[in-house]
There are 2 protein chains.
Amino acid sequence: METNTITGTTVIDIPAGQSPKRNWRQWLIGSPLQTGDAPKQTIGKMIGLAVFASDALSSTAYATQEIMTILATVAVTGVMKFVFPISIGIFALMAIVTISYEQTIHAYPGGGGAYIVARDNLGELPAQTAGAALLTDYILTVAVSVSSGVAQIVSAFPGLYNYRVIVAVAMVLLIMLINLRGVKESGTLFAIPTYFFVITMFLTVVMGFYRFFTGSLTTVINPPEITAVQTLTVVTPFLLLHAFASGTSALTGIEAISNGITAFKEPRSRNAGITLLWMSGILGSLFLSISFLAGKIGAVPSDYETVISQLARTVYGNQGILYLAIIAGTAVILVMAANTAFADFPRLSALHAGDGFLPRQLTFRGSRLVYSRGIVSLAILASLAIIIFQANVTRLIALYAIGVFLSFTLSQAGMARRWWKSGHLKPGEEIVEPGSTVIHDKNWKFKMVINGFGAICTFVVMIVFAVTKFKDGAWIIITLIPILVTVFFAIHHHYKELAHKLSLEHYSGIRVDHQRVVVLIAGVHRGSLAALAYARSLSTDVTAVHVSTDPVESKKVREKWTMYGEGTRLVVLDSPYRLLIEPLLDYIEKLLAIRAKNEVLTIVVPQFVPSHWYENLLHNQTASLLRLALLFKPGLVILEVPYLV
Amino acid sequence: METNTITGTTVIDIPAGQSPKRNWRQWLIGSPLQTGDAPKQTIGKMIGLAVFASDALSSTAYATQEIMTILATVAVTGVMKFVFPISIGIFALMAIVTISYEQTIHAYPGGGGAYIVARDNLGELPAQTAGAALLTDYILTVAVSVSSGVAQIVSAFPGLYNYRVIVAVAMVLLIMLINLRGVKESGTLFAIPTYFFVITMFLTVVMGFYRFFTGSLTTVINPPEITAVQTLTVVTPFLLLHAFASGTSALTGIEAISNGITAFKEPRSRNAGITLLWMSGILGSLFLSISFLAGKIGAVPSDYETVISQLARTVYGNQGILYLAIIAGTAVILVMAANTAFADFPRLSALHAGDGFLPRQLTFRGSRLVYSRGIVSLAILASLAIIIFQANVTRLIALYAIGVFLSFTLSQAGMARRWWKSGHLKPGEEIVEPGSTVIHDKNWKFKMVINGFGAICTFVVMIVFAVTKFKDGAWIIITLIPILVTVFFAIHHHYKELAHKLSLEHYSGIRVDHQRVVVLIAGVHRGSLAALAYARSLSTDVTAVHVSTDPVESKKVREKWTMYGEGTRLVVLDSPYRLLIEPLLDYIEKLLAIRAKNEVLTIVVPQFVPSHWYENLLHNQTASLLRLALLFKPGLVILEVPYLV
């Protein structure tokens with residue numbers, strides 16, 4: 001207990017009791033963690049790679065195939081020779097983006113997602129745009145990754161083709177549960193399959209090159225049916241750009257580490273930066289190798305068998321244990337790639353919410369210290385996307401990468417602007433921003449050029465993507481992002497206005513001088529008399545009100561009231577139309593109209609409290625109806641006094 | 001204003017304001033009626049016949065066909081010759097029941113439904129059983145009548161066959177609307193089609209007999225496909241009883257007038273009794289004629305064309321205007337027959353509710369003086385029955401008549417007992433019962449024999465029905481009625497116990513000596529300070545409570561509180577698991593445990609009041625959650641003080 005020596009106000013601290021009781025939720029997601037446990041929940045580089053790289057690495061499972069799917073729409077022999085050159089273009093883009101993000105990670109040790117970088121350097125509108133792009137992107141990451149994972153499984157077990165949507169949704173819910181347990185546990189859980197994938201994939205690629213150089217690599221035996229429809233007869237620049245756009249899905253997930261820097265062990269920036277380089281190295285080499293080998297073996301794009309499956313069975317010459325290992329590894333990493341989004345979406349939406357652009361409840365950390373509401377929201381939205389697009393990767397991809405490149409562009413542009421600011425500071429000067437502090441950097445020109453070049457490249461790719469894939473579904477995202485940004489600003493406006501209204505500036509005290517109390521009386525019995533006793537303890541100005549819908553009943557109330565009403569005046573409202581709420585509202589409004597300054601009107605409603613919820617069906621819900629009708633009146637308080645107080 | 005001269009209690013009467021404003025509901029169901037208007041809402045014999053006889057008369061549309069449907073399951077030529085003898089048996093039963101009910105109507109001028117007669121003479125259990133039987137019966141009346149009406153329409157327009165369920169449900173909703181307007185208006189609306197049906201049906205029958213006696217009546221040309229499956233090879237007594245049971249559906253609706261006596265103009269009993277005789281006369285003659293003619297023309301039972309349709313096109317020799325008139329007349333009276341149930345179900349359920357065996361809300365009369373909740377409940381339940389049984393008359397009939405005959409039996413048995421009581425009274429003596437007064441009747445023995453014989457006959461028919469139709473669906477009703485009776489008694493027990501608890505016997509006054517007030521403080525702002533001001537006006541014993549989930553936030557609250565808390569003590573509850581409700585519940589329970597006698601604990605929750613419902617999504621619903629968690633605690637009142645009081 002402490003008492004302020006000036007105002008005399010006493011503050012009493014009550015420590016927490018024992019930890020909450022176990023129930024089914026704790027059985028599912030684990031025992032609660034204390035707030036003080038939070039900083040310990042960080043991870044090293046090995047587990048960091050597993051948690052944050054699965055999204056990026058897993059895109060090797062579909063990026064090559066998506067390039068081929070677009071090329072397959074042209075009826076020209078040998079069109080697949082463009083796959084490798086396009087892949088080299090994408091590899092170059094990947095290198096540019098990686099270098100750009102490497103600078104971001106070191107500049108923002110507290111987490112440098114596109115949202116924070118844009119907010120600190122470009123302003124609120126670009127920041128909210130980046131945020132909206134990223135949030136939709138995370139939802140699609142889950143949908144695309146899980147759908148592609150299911151497609152791998154279907155390649156090995158064609159009988160599952162008709163159940164792909166339900167299997168995909170079940171997987172999303174499983175990942176949700178794992179994430180509700182918390183990041184550290186899920187990191188350990190995910191490390192084994194991520195490394196299993198990396199090893200089996202490298203093994204396949206190395207084996208492929210060995211057979212290629214020894215001349216023993218054959219083409220695909222019994223290739224699956226091509227599902228693309230041939231609509232063109234010549235190879236146009238538009239077609240090549242379209243295929244390139246599809247392939248850029250390989251870049252998705254590169255930003256994951258920069259968003260999640262705070263999850264790393266100290267020194268955070270260094271650990272995160274090294275992890276990013278590892279990740280891009282693995283991603284680039286695998287992607288290029290797969291594109292090269294897929295061309296050599298004459299793989300075809302199909303809904304029934306993935307390119308990875310065709311490559312594996314051609315390289316190994318059979319569908320034995322090694323084939324099944326790579327299919328399993330790919331499927332599992334894809335499904336787990338969704339985990340990246342489950343790590344980032346809740347964190348980003350909590351950031352938005354903390355800044356007042358999303359509902360505040362998203363900042364609430366659940367019993368396991370994770371943003372549970374964000375995790376559950378993501379699972380629901382991703383499941384919806386899977387159901388709407390029937391777990392079809394190609395249809396989902398058309399919506400996917402545009403948000404990624406929009407956030408890349410804003411993030412790199414923000415970084416370029418930051419270096420410009422840095423260059424105009426004198427050594428020792430600093431600008432403190434919410435995300436990080438800007439200090440003078442002598443290499444600011446070089447760094448600004450790198451980030452500026454990254455911004456220009458990703459902006460051009462975004463435009464290419466939007467134009468070439470507009471009809472395929474990109475229009476949905478192009479429409480959605482402005483709507484989301486508008487909603488974010490509307491929410492922000494609401495919170496800002498409320499904060500202004502509640503602010504204690506120019507506060508001169510609020511006083512309640514007079515309590516006018518009205519007790520509703522349906523009948524005279526112990527319940528209503530208890531409410532009367534309560535009302536009389538609140539104020540000396542108490543009026544009982546009875547609505548008369550039945551003259552016989554009313555007569556009884558009048559008679560009993562003279563005996564039991566303890567002298568309290570009774571007002572009988574005549575209701576010839578047998579309405580209950582309306583005459584009361586009328587009366588209450590009249591009382592509010594004559595309300596004095598600093599007077600509060602309190603309505604006391606005697607309320608039956610059931611032992612079982614269904615007993616409510618046997619009673620009128622007057623209090624609830626009244627509450628609903630009077631919700632917006634100022635100067636009015638409604639309270640229910642339970643029968644048998 | 002009147003002041004009691006002994007206790008000094010003042011009662012103020014406030015007359016009603018203007019009638020309620022017009023809105024969409026009034027546009028649909030008409031302007032509100034005052035309670036004082038009620039007695040004017042009565043009807044004469046002509047309209048009484050239209051309102052109450054449509055159920056009984058309309059059963060001529062399907063009773064003959066249902067006999068044939070059962071006979072068609074035997075593969076014996078000429079089996080249809082049994083239709084007419086079975087119909088004569090049913091006609092005899094009809095006469096017995098009519099005479100029985102004639103006596104009831106004169107003994108119970110206040111309405112002598114099976115429920116009232118059984119309640120006054122046999123006791124609560126038989127009364128509730130009769131009530132349960134009748135209520136299920138009314139639901140099925142709506143389902144059967146509307147389904148058969150749609151079957152008539154499908155006969156003339158086969159293209160509608162696949163839409164029969166949706167058409168039937170739409171019709172139920174239309175009848176519901178008409179009934180929500182009130183009985184007088186619906187009576188006028190229904191008189192024209194009822195008489196149109198009676199006239200066209202008699203015209204068809206007379207024409208049929210004319211052609212039969214002149215020898216020009218042919219058999220049905222192109223008879224429809226028989227939909228019954230032939231499972232038997234010999235005519236067994238069981239088969240004949242089964243067919244008889246199906247035909248007894250012709251008797252349904254005979255009791256309607258005795259339930260609705262109060263709706264008639266004075267002298268009620270006389271008017272109602274004459275109407276009953278008219279009704280039975282029309283019903284019996286039409287039913288016998290249709291059964292006779294259907295046999296002569298060789299009509300067959302089918303789902304695709306009704307027997308009435310076959311009869312009409314054979315009698316008229318074509319499908320011209322007269323054919324369409326009889327189909328339309330039959331369809332409309334069937335759909336309107338459902339109206340009988342809409343007149344009786346709400347009245348009976350209000351009776352049950354008034355006696356405390358159904359939720360009290362069913363006694364509430366809506367703005368048009370009808371029991372609106374009963375009407376809406378009936379529409380919902382009947383629509384469900386139609387959807388479940390796919391508007392198939394034969395399947396619904398198996399559930400139907402058992403409840404009717406159970407209530408017939410109980411009603412007649414009750415009447416027999418009443419005459420016995422009457423015989424043992426001296427002239428001039430009387431027994432006053434809620435439903436009517438028993439006086440000495442010199443013909444008591446004769447009247448007792450008539451009702452007793454009626455009871456025995458209907459009891460035997462009920463057993464026949466239950467046995468022969470058990471597997472077809474009667475088991476559902478045989479199971480359901482005991483369940484309903486159990487629920488009725490459970491509801492009764494609840495109300496009785498509550499009334500006992502609330503009773504003012506041995507009442508020695510309730511006092512509230514001390515108010516302990518707790519204000520929840522999430523942050524210190526105008527909203528919470530308004531709640532504090534309110535709390536301080538209730539009591540001098542005020543404690544502010546803050547749940548600390550975030551140390552930074554808590555520190556701010558402490559600091560601001562010493563400035564703005566007006567010296568009120570602040571309790572800070574530490575919540576390391578970031579739970580909000582649980583630490584509060586803990587604290588409140590501790591306060592309740594040390595509660596003194598006559599002390600009340602009041603929890604004040606500052607509450608944001610949104611201008612739009614969706615703004616609620618942006619705020620925690622602490623007050624609602626708390627209310628839910630604390631609902632069952634005695635000695636506790638929760639109230640919300642809106643921000644910006």
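Residues numbered from 1 in each chain as written. Chains lettered and ligands numbered in written order. Predicted model: local features only at pLDDT ≥ 70, side-chain atom pairs only at ≥ 80, totals over all residues. Heavy atoms only, no water.

**Quick notes on the pairing of strand 7 (residues 569–574) of chain A**
As judged from the six bridges shared by strand 6 (residues 542–548) of chain A and strand 7 of chain A, these two strands associate in the parallel manner. Its bridge partner being in strand 7 of chain A, Ala544(A) is matched across the sheet by Leu570(A). Assessed by its sense of winding, the connection that carries the chain from strand 6 of chain A through helix 19 (residues 551–564) of chain A to strand 7 of chain A is right-handed. When strand 7 of chain A meets strand 2 (residues 10–14) of chain B, the two strands line up parallel, connected through four bridges. If you follow Val572(A) over to strand 2 of chain B, its bridge partner there is Asp13(B). (Pairing = 2+ DSSP bridges. Helix = DSSP H or I, 4+ residues; strand = E, 2+ residues; numbered from the N terminus. Right-handed = clockwise from strand over helix to strand, strands pointing away.)

**Describing the side chain of Thr602(B)**
Here Thr602(B) lies in strand 8 (residues 599–607). Separated by 2.9 Å, the side chains of Thr602(B) and Gln515(B) make a polar contact. Excluding residues that lie within four positions of it along the chain, Thr602(B) makes contacts with Tyr534(A), Gln515(B), Arg516(B), Val517(B), Val518(B), Leu538(B), Val637(B) and Leu639(B). (Polar contact = N/O pair within 3.5 Å; in protein donor to acceptor, adjacent residues only side chain to side chain. Contact = heavy atoms within 4.5 Å.)

**Concerning unusual backbone geometry**
Looking along the chain, the bond that leaves Glu266(A) and enters Pro267(A) is cis, with omega of -10 degrees. A positive phi is found at Asn598(A), a non-glycine position, where the angle reads about 65 degrees. The residue Asn598(A) is located in the loop between helix 20 (581–593) and strand 8 (599–607) in this model. Of note in the backbone geometry, Glu566(B) takes a positive phi value of approximately 50 degrees without being a glycine.

**Let's talk about the interface of chain B and chain A**
Counting residues at the interface gives 98 residues for chain B and 98 residues for chain A. Roughly 8400 Å² is buried in total at the junction of chain B and chain A, and carbon and sulfur atoms are behind 61% of that figure. Applying the counting rule to chain B against chain A returns zero salt bridges. Here the side of chain B that touches chain A takes eight residues from helix 18 (residues 526–538) of chain B, the largest share from any one element. Among the residues making up the side of chain B that touches chain A, the classes are represented as 53 nonpolar, 27 polar and 18 charged. (Buried area = accessible area lost by both parts, 1.4 Å probe. Salt bridge = Lys/Arg side-chain N within 4 Å of Asp/Glu carboxyl O. Nonpolar A, V, L, I, M, F, W, Y, C, P; charged D, E, K, R; others polar.)

**Some remarks on the pattern of salt bridges**
One pass over the structure, following the stated rule, counts 23 salt bridges over all chains. The residue Arg119(A) makes a salt bridge to Asp120(A) at a minimum N-O spacing of 3.5 Å. Residue Asp120(A) is classed as buried on the basis of its relative accessible area, which comes to 9%. Between Asp355(B) and Arg119(B) there is a salt bridge, with the nearest N and O atoms lying 2.6 Å from each other. Pair noted here: Asp355(B) is in the loop between helix 13 (321–354) and helix 14 (372–388) and Arg119(B) is in helix 5 (residues 114–121), with a separation of 236 residues, a long-range link. With relative accessibility at 27%, the residue Asp355(B) sits in the partly exposed group. Through salt bridges with shared partners, a single ionic network connects Arg119(A), Asp120(A) and Asp355(A). (Buried < 20%, exposed > 50% of the residue type's maximum accessible area, 1.4 Å probe, protein only.)

**Here's the deal with helix 14 (residues 372–388) of chain A**
All names here are of chain A. Along its 17 residues, helix 14 runs 25 Å from first to last C-alpha, staying within 8% of the 24 Å computed at 1.5 Å per residue. Of the positions making up helix 14, those classed as buried are Ser-372, Gly-374, Ile-375, Leu-378, Ala-379, Ala-382, Ser-383, Ala-385 and Ile-386. One side of helix 14 carries all its buried residues, which in axial view fall inside an arc of 165 degrees. In this structure, the buried side of helix 14 is in contact with helix 6 (124–156), helix 7 (164–181), helix 13 (321–354) and helix 15 (393–423). Positive backbone phi, approximately 50 degrees, marks Gln-390, located one or two places after helix 14. (Expected span 1.5 Å × (residues − 1). Arc of directions from axis to C-beta.)

**Focus on the packing of helix 7 of chain A against helix 13 of chain A**
All names here are of chain A. Running from amino to carboxyl end, helix 7 crosses helix 13 at an angle of 50 degrees, the nearest separation of the two axes being 10 Å. Taken together, the axes of helix 7 and helix 13 lie oblique to each other. Judged by the twist between their axes, the crossing of helix 7 over helix 13 is right-handed. Across the interface between the two elements, Met-171, Val-172, Ile-175, Met-176 and Asn-179 of helix 7 pack against Val-335, Ala-338, Asn-339, Phe-342 and Ala-343 of helix 13. Its residues assigned to classes, the contact of helix 7 with helix 13 comprises eight nonpolar, two polar and no charged. (Axes fitted to C-alpha atoms, helices over the stretch in contact; angles between N-to-C directions. Parallel < 35°, antiparallel > 145°, perpendicular 65-115°, else oblique. Left-handed = near helix turned anticlockwise from the far one by under 90°.)

**A word on the packing of helix 11 (residues 268–297) of chain A against helix 12 (residues 307–316) of chain A**
Residues and elements named next belong to chain A. Where helix 11 meets helix 12, the axes come as close as 10 Å, and the angle between the chain directions of the two elements is 70 degrees. If you check the angle between helix 11 and helix 12, you find them roughly perpendicular. Crossing geometry of helix 11 relative to helix 12 is assigned as left-handed. Contacts between helix 11 and helix 12 involve Ile-290, Leu-293, Ala-294 and Ile-297 from the first element and Val-307, Ile-308, Gln-310, Leu-311 and Thr-314 from the second. Residues belonging to the contact of helix 11 with helix 12 are distributed by class as follows: seven nonpolar, two polar and no charged.

**Observations regarding the relation of the copies chain B and chain A**
Here chain B sits on chain A after a turn of 180 degrees about the axis and a move of 0.1 Å along it, with an RMSD of 0.3 Å. Expressed as a symmetry operation, the mapping of one chain copy onto the other fits a two-fold axis. Interface residue correspondence from chain B to chain A reaches 99%, placing this contact among same-surface, isologous pairings. (Least-squares fit on C-alpha atoms with pLDDT ≥ 70 in both.)

**Some remarks on the environment of Asp13(A)**
Checked against the element boundaries, Asp13(A) lands in strand 2 (residues 10–14). Considered as a pair, Asp13(A) and Glu2(A) are eleven residues apart in the sequence and their alpha carbons are 8.7 Å apart. Apart from residues lying up to four places away in sequence, Asp13(A) is in contact with Glu2(A), Arg558(B) and Val572(B).

**Brief notes about a nonpolar patch on the surface**
Residue and element names in this part refer to chain A. On the surface, Phe-238, Ile-456, Phe-459, Val-460, Ile-463 and Val-467 cluster together into a nonpolar patch covering about 560 Å² of accessible area. With five residues, helix 16 (residues 444–468) is the single largest residue contributor to the nonpolar patch. Here Val-467 is to be found in helix 16. With a relative accessible area of 53%, Val-467 lands in the exposed category. (Patch = residues over 30% accessible without salt bridge, like charges linked within 9 Å, V, L, I, M, F, W, Y side chains within 5 Å. Areas by Shrake-Rupley, 256 points an atom, 1.4 Å probe, with all protein chains shown as cover.)

**Looking at the confidence of the model for chain A**
Residues and elements named next belong to chain A. Across chain A, the average pLDDT comes to 85, with 93% of residues at 70 or higher. At the low end of the mean pLDDT range in chain A sits helix 1 (residues 24–29), at 64; at the high end sits helix 11, at 93. Scoring the predicted complex yields pTM 0.68 and, for the interface, ipTM 0.72. (pLDDT = per-residue confidence, 0-100.)

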